[in-house]
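Topology and contacts: notes
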Amino acid sequence: MFYYFDELGSTIDEGRNAKYGHGDVIVAEFQTAGRGQRGRRWNSPRGENLMFSVVLETSFLRADEQFLLLQAVALALVDMLADYGIDARIKWTNDIYVGDRKVVGVLIDHNVVATDAPGKTGMLARSGVGVGINVNQKEFDPELPNAGSMALATGCDLDRGEVLERFYARLSERFEALKSGRREALQRDYHANIYLLGVEADYALPDGTRFKGTIRGVEPGGELLIETREGLKKFLYREVSFII
Ligand code: BTN
């Protein structure tokens, strides 16, 4: 079911309510406390973009396999954008870029069932996939110099309801592939769509040190592989940032 709200704090928080089940979509025309990655806010003007969360039942995945879900979601977004003739890439871990502009942000919230068994990781129970798609916005806060939108990429305004329906169809396909065990195909497709794959670029460590490197791929667990002058290095989320 699709649930439409004129205003919410955050669709992710709303999606935690047990009344929503697998496949439900919570859409907000405006969020007063939209959440972004790394504790940031996600602000989006009323009536121009899409802000929603999809509730998914993910109890077939271990907590340490959650990167697979992220891959399925990122690929569904790339698939949907390709339906509109937009050639998008996945900026590790799951920002969607068109050229050097971010068009989609994703934030996934998981419920994990803990285990007492020593050395065992818990299982996921359900996940809230929060997605913010810049659809028709053309002017952005100067503090977001790399922001873009589908309208800027295509040169025309798009029907937001249709964008959401197309994404939902693409997500259903990718989620089915994940659930039925087609993991290698997801990993292969994710690899093929990595932003800056094989291109030398600038990166920064959390202490601000900058270095040049070339992305060579992503490990199945989600670590980013960057070839540096000191050799191939693996980075976990938050251990490296892109200088764009
Ligand atoms: C990012 O920082 O790139 C992730 C942004 C995710 C934004 C979406 S908008 C709908 C959903 N509800 C939220 O509060 N955040 C996500």
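Everything in this summary refers to the structure shown in the same document. (Residues numbered from 1 in each chain as written. Predicted model: local features only at pLDDT ≥ 70, side-chain atom pairs only at ≥ 80, totals over all residues. Heavy atoms only, no water.)

Topic: the sheet that holds strand β11 (residues 231-235)
In spatial order, the strands read β11-β10-β9-β8-β12; together these five strands make up an open sheet with antiparallel pairing. With one partner strand each, in any of the chains shown, β11 and β12 (241-242) form the two edges of the open sheet. Where strand β9 (residues 210-218) lies against strand β10 (residues 224-228), four bridges are found, and the strand directions are antiparallel. Bridge pairing in β10 places Gly 217 opposite Leu 225. (Pairing = 2+ DSSP bridges. Helix = DSSP H or I, 4+ residues; strand = E, 2+ residues; numbered from the N terminus.)

Section: the nonpolar core
Residues Phe 52, Leu 77, Ile 133 and Met 150 are the most contacted members of the largest nonpolar core, which totals 60 residues. Here this core takes 13 residues from helix α2 (residues 66-83), the largest share from any one element. In contact with Leu 77, not counting residues within four places along its chain, are Ile 96, Val 104, Val 106, Val 131, Ile 133 and Phe 167. Counting residues in hydrophobic clusters, the runner-up holds five residues, among them Leu 8, Tyr 20, Ala 28 and Val 55. (Core = buried A, V, L, I, M, F, W, Y, C linked by side-chain atoms within 4.5 Å. Buried < 20%, exposed > 50% of the residue type's maximum accessible area, 1.4 Å probe, protein only. Contact = heavy atoms within 4.5 Å.)

A look at unusual backbone geometry
Here Trp 92 and Thr 93 are connected by a cis peptide whose omega angle stands at 5°. On the secondary structure map, Thr 93 appears in the loop between β4 (89-91) and β5 (95-98). Residue Leu 196 is not a glycine yet carries a positive backbone phi of 65°. Non-glycine residue Arg 238 carries a positive phi angle of around 80°. Relative to the assigned elements, Arg 238 resides in the loop between β11 and β12.

With respect to the pattern of salt bridges
Taken as a whole and assessed by the stated rule, the structure comprises 24 salt bridges. Taking the shortest distance from any N to any O, the salt bridge between Arg 160 and Glu 29 comes out at 3.1 Å. With Arg 160 in helix α4 (residues 160-179) and Glu 29 in the loop between β2 (25-28) and β3 (50-57), this residue pair connects regions lying 131 residues apart in the sequence. Here Arg 183 ties to Glu 65 by a salt bridge, and the two come within 2.9 Å at their closest N and O atoms. Here the residue Arg 183 occupies a position in helix α5 (residues 183-192), and Glu 65 occupies one in the loop between β3 and α2, the gap between them amounting to 118 residues. On the basis of relative accessible area, Arg 183 is assigned to the partly exposed category, the value being 25%. Three or more residues joined by partner-sharing salt bridges are found here, namely Asp 13, Arg 16, Arg 35 and Asp 109. (Salt bridge = Lys/Arg side-chain N within 4 Å of Asp/Glu carboxyl O.)

A look at the site of the ligand
In the region of the ligand, 18 residues are neighbours, and Ser 10, Gln 31, Arg 35, Gln 37 and Lys 102 sit closest. At 3.0 Å, a side-chain N or O of Thr 11 approaches a nitrogen atom of the ligand. Take Lys 102: an N or O atom from its side chain is 2.6 Å from an oxygen atom of the ligand. Notes on the ligand: free accessible area 410 Å², of which the protein chains cover 98%. Its residues placed into classes, the shell around the ligand shows six nonpolar, nine polar and three charged. (Near = heavy atom within 4 Å. Polar contact = N/O pair within 3.5 Å; in protein donor to acceptor, adjacent residues only side chain to side chain. Areas by Shrake-Rupley, 256 points an atom, 1.4 Å probe, with all protein chains shown as cover. Nonpolar A, V, L, I, M, F, W, Y, C, P; charged D, E, K, R; others polar.)

Some points on the environment of Ala 28
Locating Ala 28 in the fold gives a position in strand β2. For the pair Ala 28 and Phe 52, spaced 24 residues apart in sequence, the C-alpha separation works out to 6.1 Å. With residues near it in sequence (within four places) discarded, Ala 28 still touches Phe 5, Leu 8, Thr 11 and Met 51.

A word on the side chain of Glu 14
By the secondary structure assignment, Glu 14 is in helix α1 (residues 11-15). Looking at Glu 14, its side chain comes within polar contact range of the side chain of Tyr 20, at 2.4 Å. Ignoring anything within four residues of it in the chain, the contact list for Glu 14 reads Phe 5, Leu 8, Lys 19, Tyr 20 and Ile 26.

Topic: the packing of α2 against α4
Two elements in contact, α2 and α4, have axes separated by 8 Å at closest approach and are oriented at 140°. When the axes of α2 and α4 are compared, the pair comes out oblique. Of the two elements, α2 crosses α4, and the hand of that crossing is right-handed. On α4, the residues that touch Leu 68, Leu 69, Ala 72, Val 73, Leu 75, Ala 76, Leu 77, Asp 79, Met 80 and Asp 83 of α2 are Val 163, Arg 166, Phe 167, Arg 170, Leu 171, Arg 174, Phe 175 and Leu 178. Class assignment of the residues belonging to the contact of α2 with α4 gives a composition of 13 nonpolar, no polar and five charged. (Axes fitted to C-alpha atoms, helices over the stretch in contact; angles between N-to-C directions. Parallel < 35°, antiparallel > 145°, perpendicular 65-115°, else oblique. Left-handed = near helix turned anticlockwise from the far one by under 90°.)

Nothing here speaks to function; it is geometry throughout.
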